[in-house]
Amino acid sequence: MTTASKKRKVIEELTAEDKSLRESINGTITTCFFNNKGGVGKTTLVANLGAELALNFKSKVLIVDADPQCNLTQYVLSDDETNSLYASDNPESIFTVIRPLSLGKGYENALPIRTIEKFGFDLIVGDPRLALQEDLLAGDWRDAKGGGMRGIRTTFVFAELVKKAKEMNYDFVFFDMGPSLGAINRAVLLAMEYFVVPMSVDVFSLWAIKNIGSTVSVWKKELDTGIKLSEEPTELSLLSPQGKLKFLGYVTQQHRERYGYDTIHDDNSDEEFKIKRRVKAYEEIGEIFPEKVNEHLLSLYASDTLSPHLGDIRHLGSLAPRSQSQHVPMISVSGTGNYTRLRKSARELYRAIARRYLENIIEAQKEN
């Protein structure tokens, strides 16, 4: 097991205001990034926000790839590292953490952590076999709701991971998750203090907001009931910070501008031609996002003064795919010409999101 103990290369120095923000955060902050709709830029956000906090805010960050598709792991590891990792019959991964429970051996003692130097954070890599544990978590959830300690222990498997991370003095623990409302994601969400929702500007994200709000609220109530009915309530104090999951904000993924076309008739030439116009429906969806977020997630807000919009991730041309092919954060992509401008935009973008993220945490901690 390794940790990111080496001095990290700072990409861009913090302002005095940003240093003050970072120093105002208390303890280990646990956050998952969740949307049951795919294609919203979730993994890119997790990796680059984590890198911003690690490289520039000088924080100790652990990211857990809890998505069986392992997109984050493939993003931050080189191609050779990825091939070597998954060529192994039993790679050390997130599956290593949960597997002992399915064998009746309790929690795993050590976390399979590796350092990702180019991103500045530590990682627990993803594993396709994690999907095989969905039935275990689903079955034991029924037991957990009834107060059964076996079910509660299984549900808190990721909470136990977080507990160990806190003992290792991580400043931030992020979970990247797959796009589902299944048992794996339920176990992750119930182990967290906060969740952030990455979204694209479309009607499906509006449905996702509604689904997330209703589902998370039900899960929290069911778990609270199970805890009250638990067979060994004294043991619960050693497990998760139960029932504290709060909504910290959302990030919108801005793709290229969406256009429709209007047909214009030229009376002089008697010809018709088309001109681009912004799609009205696209604009209207973006305008009602704040209202819908407030409607469906207000009861889960981390603070009464929460400003939930953490920022927009603008379309940055080829910077994102180049970041993925080089296996580096966007702020570190190599290249001249247009990439100089794009890197600067990425630095400003992720610095702004990090700032809003920290501000919301500070407000939440003031109220708790």
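Residues numbered from 1 in each chain as written. Predicted model: local features only at pLDDT ≥ 70, side-chain atom pairs only at ≥ 80, totals over all residues. Heavy atoms only, no water.

A. Seen up close, the pairing of strand 6 (residues 194–200). Within strand 6, 7 of the 7 residues are buried, leaving the element largely enclosed by the surrounding structure. Here strand 6 shows a buried face lined by Tyr194, Val196, Pro198 and Ser200 and a second buried face lined by Phe195, Val197 and Met199. Here strand 1 (residues 29–33) pairs with strand 6 via 3 bridges, running parallel. Residue pairing in the sheet places cysteine 32 in a bridge with phenylalanine 195 of strand 6. When strand 6 meets strand 7 (residues 246–253), the two strands line up parallel, connected through 7 bridges. If you follow serine 200 over to strand 7, its bridge partner there is glutamine 253. (Buried < 20%, exposed > 50% of the residue type's maximum accessible area, 1.4 Å probe, protein only. Helix = DSSP H or I, 4+ residues; strand = E, 2+ residues; numbered from the N terminus. Pairing = 2+ DSSP bridges.)

B. Structural view of helix 6 (residues 134–145). Helix length check: helix 6 (12 residues) gives 17 Å between terminal C-alpha atoms against 16 Å at 1.5 Å per residue, within 8%. Of all the positions in helix 6, only Leu136, Leu137, Asp140, Trp141 and Ala144 are classed as buried. Taken around the axis of helix 6, the buried residues stretch over an arc of 135°, which confines them to a single face. Residues of helix 6 that are exposed and point more than 90 degrees away from the buried face comprise Asp135 and Arg142. Those residues of helix 6 that are buried are in contact with helix 5 (94–102), helix 7 (149–155), helix 8 (157–167), helix 9 (183–189) and helix 10 (203–228). (Expected span 1.5 Å × (residues − 1). Arc of directions from axis to C-beta. Contact = heavy atoms within 4.5 Å.)

C. The arrangement of the confidence of the model for the chain in detail. For the chain, the mean per-residue pLDDT works out to 86, and 86% of the residues sit at or above 70. Note on residues 1–7: pLDDT under 50 across the span, and 15 contacts to partners over four residues away in sequence or across chains. (pLDDT = per-residue confidence, 0-100.)

D. Looking closely at the nonpolar core. Counting residues in each nonpolar core, the largest one holds 61 residues, and the members touching the most others are Phe158, Phe175, Leu189, Phe195, Phe247 and Leu297. Looking at this core, the element that brings in the most residues is helix 10, giving 7 residues. Beyond its immediate chain neighbours, meaning those up to four positions away, phenylalanine 158 contacts Ile94, Ile98, Phe175, Ile184, Ala187, Val188 and Ala191. Counting residues in each nonpolar core, the second largest holds 53 residues, with Leu55, Phe172, Phe174 and Leu316 among its members. (Core = buried A, V, L, I, M, F, W, Y, C linked by side-chain atoms within 4.5 Å.)

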